[in-house]
Amino acid sequence: MASAGVRQCIHDVTLHLILLILISTLGPLQFGFHLAELNAPQDVITCKKKDIPASKSRLKEKVDPRFPQCIPMSEAEFAALSSMFVLGGLLGALCAGPTSTKYGRLLSMRMTSVLFLMGATLETLAGTVPIMSIGRFLAGIGAGASTVIVPLYISEVAPPKERGLFGSMTQVTVNGGILITQTLGYYLSKGSEWRIILAVGVGIAFLQFIGLFFVPESPAWLAAHKDPKKAVRTLQRIRGKGNSITEEIQDWAVDPVVPEGEHLLYDPESSPRRGSVASKSSQKSIAHIGFFQVVRDPLYQPAIIAVIGIMFAQQLCGINSIIMYSVSLLSNLLPVSSSLITIIISVINLFTTIASAPLADKIGRKTCLLLSITGMGSMSLALALSLRWEIKILSAISVILFVAFFATGLGPVPFMIASELVGQEAVGATQSWSLAANYIATFLVAQFFPIINTSLNDALGGKGWVYFIFAALALLSGLFVLWRVPETKGKKDADEVWGRTRRVD
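Because the structure is predicted, anything quoted here is derived from the model rather than measured. (Residues numbered from 1 in each chain as written. Predicted model: local features only at pLDDT ≥ 70, side-chain atom pairs only at ≥ 80, totals over all residues. Heavy atoms only, no water.)

K.L.:
Describe the overall build of the protein chain, listing the residues and the values that go with them.
P.N.:
A tally of helices and strands in the protein chain yields 25 helices and 0 strands. By sequence separation, contacts in the protein chain at least 24 residues apart represent 81% of the contacts at least 6 residues apart. By element, 67% of the accessible surface of the protein chain is carried by carbon and sulfur atoms, the whole surface being about 22,500 Å². (Helix = DSSP H or I, 4+ residues; strand = E, 2+ residues; numbered from the N terminus. Contact = heavy atoms within 4.5 Å. Areas by Shrake-Rupley, 256 points an atom, 1.4 Å probe, with all protein chains shown as cover.)

K.L.:
Which residues make up the state of the cysteines, and what are the values?
P.N.:
The full count for this structure, using the stated rule, is 1 disulfide. For C47, the disulfide goes to C70, at an S-S distance of 2.0 Å. Sign of the S-S torsion, about 105° for the bond between C47 and C70, identifies this disulfide as right-handed. Of the two residues, C47 is situated in the loop between α4 (42-45) and α5 (75-103) and C70 in the loop between α4 and α5; the sequence distance between them amounts to 23 residues. The buried category is assigned to C47, whose relative accessible area is 18%. Judged by relative accessible area, which is 21%, C70 ranks as partly exposed. (Disulfide = S-S within 2.5 Å. Buried < 20%, exposed > 50% of the residue type's maximum accessible area, 1.4 Å probe, protein only.)

K.L.:
Talk me through the packing of helix α20 (residues 365-389) against helix α22 (residues 413-421); I want residue IDs and the actual numbers.
P.N.:
Their axes nearest at 11 Å, the elements α20 and α22 cross at an angle of 150°. The angle between α20 and α22 places the two elements in the roughly antiparallel class. Note on packing geometry: the crossing formed by α20 with α22 is left-handed. Residues R365, C368 and L369 of α20 pack against V413, P414, M416, I417 and E420 of α22. The class makeup of the residues in the contact of α20 with α22 is 6 nonpolar, no polar and 2 charged. (Axes fitted to C-alpha atoms, helices over the stretch in contact; angles between N-to-C directions. Parallel < 35°, antiparallel > 145°, perpendicular 65-115°, else oblique. Left-handed = near helix turned anticlockwise from the far one by under 90°. Nonpolar A, V, L, I, M, F, W, Y, C, P; charged D, E, K, R; others polar.)

K.L.:
How would you summarise the packing of aromatic side chains if you had to cite specific residues and measurements?
P.N.:
One pair of aromatic rings is described through two measures. These are the centre distance and the angle between the planes. Inspection of the entire model under this criterion finds 10 aromatic pairs. Geometrically, the ring pair formed by F449 and Y467 is tilted, given 6.3 Å between the ring centres and 55° between the ring planes. Of this pair, F449 sits in helix α23 (residues 427-460) while Y467 is found in helix α24 (residues 466-484), placing the two residues 18 residues apart along the sequence. According to the relative accessible area criterion, F449 is buried, its value standing at 8%. Across the ring face of F213, the terminal group of R110 is positioned such that the distance to the ring centre comes to 5.0 Å. Residue placement shows R484 over the ring face of W483; its charged tip is 4.9 Å from the ring centre. (Phe/Tyr/Trp six-rings, centres within 6.5 Å; stacked < 30°, edge-to-face > 60°. Lys NZ or Arg CZ within 6 Å of the ring centre and 35° of its normal.)

K.L.:
Quick rundown of the side chain of H34? Include the residues and the values.
P.N.:
Within the secondary structure, H34 sits in helix α3 (residues 26-36). Of note is the side chain of H34, whose polar atom sits 3.0 Å from the side chain of E37. Not counting chain neighbours up to four residues away, the residues in contact with H34 comprise F85, F116, A120, E123, R136 and A139. (Polar contact = N/O pair within 3.5 Å; in protein donor to acceptor, adjacent residues only side chain to side chain.)

K.L.:
So, the packing of α3 against helix α9 (residues 169-188): which residues are in play, and what are the values?
P.N.:
Across the interface, α3 lies against α9 with an axial gap of 7 Å and an inter-helix angle of 35°. Remark: the crossing between α3 and α9 carries right-handed chirality. Residues P28, L29, F31, G32, F33, L35 and A36 of α3 lie in contact with α9, whose contacting residues are T170, T173, V174, G177, I178, I180, T181 and L184.

K.L.:
Please give an account of the nonpolar core that cites residues and values.
P.N.:
Nonpolar side chains in soluble globular proteins generally cluster together in the buried interior. Grouped together as the largest cluster of nonpolar side chains are 47 residues, with contacts concentrated most on L410, Y467 and V485. For this core, the elements supplying multiple residues, two or more each, are α16 (301-316), α17 (319-331), α20, α21 (392-408), α22, α23 and α24. The element best represented in this core is α20, accounting for 8 residues. (Core = buried A, V, L, I, M, F, W, Y, C linked by side-chain atoms within 4.5 Å.)

K.L.:
Pulling in residues and values, what's your account of the pattern of salt bridges?
P.N.:
Following the criterion strictly, the structure yields 4 salt bridges and no others. A salt bridge links R105 to E156, with the shortest nitrogen-to-oxygen separation between them at 2.8 Å. One end of the pair, R105, is in helix α6 (residues 105-125); the other, E156, is in helix α7 (residues 129-157), and 51 residues separate them in sequence. For the pair formed by R105 and E156, the shared burial category is buried. Notably, a salt bridge pairs R365 with D361, separated by 3.0 Å at the nearest N-O pair. D361 sits in the buried class, given a relative accessible area of 18%. Bridged by salt links that share partners, the residues D361, R365 and E420 form one connected network. (Salt bridge = Lys/Arg side-chain N within 4 Å of Asp/Glu carboxyl O.)

K.L.:
Give me the lowdown on unusual backbone geometry, citing residues and values where you can.
P.N.:
The backbone phi angle of C47 is positive, close to 70°, even though this residue is not glycine. For E390, which is not a glycine, the phi torsion comes out positive at approximately 60°. The exposed category is assigned to E390, whose relative accessible area is 68%.

K.L.:
Break down the confidence of the model for the protein chain for me, with residues and values.
P.N.:
Scored by pLDDT, the protein chain comes out at a mean of 83, with 83% of its residues at no less than 70. Confidence scores differ between elements of the protein chain, with helix α14 (residues 276-281) showing the lowest mean pLDDT of 36 and α6 the highest of 97. Every residue in residues 51-59 scores below 50 in pLDDT, and together they form 12 contacts with partners more than four places removed in sequence or on other chains. In the model, residues 256-285 has pLDDT below 50 throughout and makes 44 contacts with residues more than four positions away in sequence or in other chains. (pLDDT = per-residue confidence, 0-100.)

K.L.:
Residues and numbers for the side chain of T14, please.
P.N.:
Here T14 is to be found in the loop between α1 (2-12) and α2 (15-24). Residue T14 is classed as buried on the basis of its relative accessible area of 15%. Not counting chain neighbours up to four residues away, the residues in contact with T14 comprise I238, R239 and G240.

K.L.:
Lay out the environment of G191 in plain terms, naming residues and giving numbers.
P.N.:
With respect to the helices and strands, G191 occurs in the loop between α9 and α10 (194-211). Note on G191: relative accessible area 7%, which makes it buried. In this structure, the C-alpha to C-alpha distance between G191 and P41, residues 150 residues apart in sequence, is 9.7 Å.

K.L.:
Can you tell me about the environment of I344, naming the residues and giving the values?
P.N.:
Among the secondary structure elements, I344 is positioned in helix α18 (residues 338-356). Residues I344 and I400, spaced 56 residues apart in sequence, show a C-alpha to C-alpha distance of 9.6 Å.

Okay, structure coming up:
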């Protein structure tokens, strides 16, 4: 069975598809890159560390007053600088759904590449806090928009049986971007070399900008916007000549009598069995659902509740607190620097995410979520106990397994499932709600975790009390997924996912 699945994947995947995935996922990669770019060189950028001796620096420093070696700022100013990225990300996530629905996935991705290019350039050349803040804000808009648009685009160009595999590439590239930044920071957090880290972001943005000229529009979006013939041609090119796309296009308003030379598009044995009424009605001037309209419509409310709940579960299970706390947890156990520990954790996260990529297509999205939440909750409990009992090796194992369990479900699945819970008319708005919830939950954890952690430790004595809370939140998250999140694996459309009769408007 496994070998048959591999053969099917090889048959479905073309070089053209791989190129589209690689170029489009440069957006999420930049999200991870900019998210972590200031972590390692923070002390150098903010002038907390003075110039290092020339003998230790590979570059001879010639200070240009326009590009100072560091930018003096207080803790509050640096926190505000960092938060500009989150603020921009929230704005980008809110705007990306309606924009990609109205103007297309491709144009929206090109807009994000321009925002990344502008933001990274301003950050690299910044000599003051306001200029760098503007750069972070612009990069944040691009990042927030990318995490909405790219999962949609991938779900619409990936073969139906491999959507889970390719959908996980969003999380893989986010982790890859974080790892790139942390690795660069490990070597370049000295003198003015921190600007090289930020300049790499300019290079990635430019690469994506150029690459998007070789990427087609989403076939599903073209079909929904009264250009089904172009949609068919685009999809056939992505799938490759000789591969039937009949099943994928049977709901598109395409004349079944096709011109000679396009016969490969259709498989006579699997021609649409539904009448032309259903097919054409699904394409008849699709009225796209807006950001607020999708919440008011009872048809889409279960999907909105599901995606918001999953995104809150992703953060409230404590992944960011674990990653932030892992340095102090492992620094006393391993004889290496905190920066290297962060890189080790990122490597584990990246490779576990890659290894877990096929799981969503094999055991299902919902099962992956439940497996992930159960593992994270168990590791939170183990971490809380190990901190209470001061068992360092158990703390280290708990942190590593926590990150591994996150990669099996709560890491990749929330980004791919929104596009599977609603129809094409509401997918943009739903994805915007999903990512907006993610940014809000991330902000809440980042803001209040240190406060709650310190308060509990001071009040109750010792360490680790906050992870009992994360274990309880994991339990609640698991119950939510069991109750409100349907399985989407193997389901043809949102009607089948929710078990309702197809509407013919």
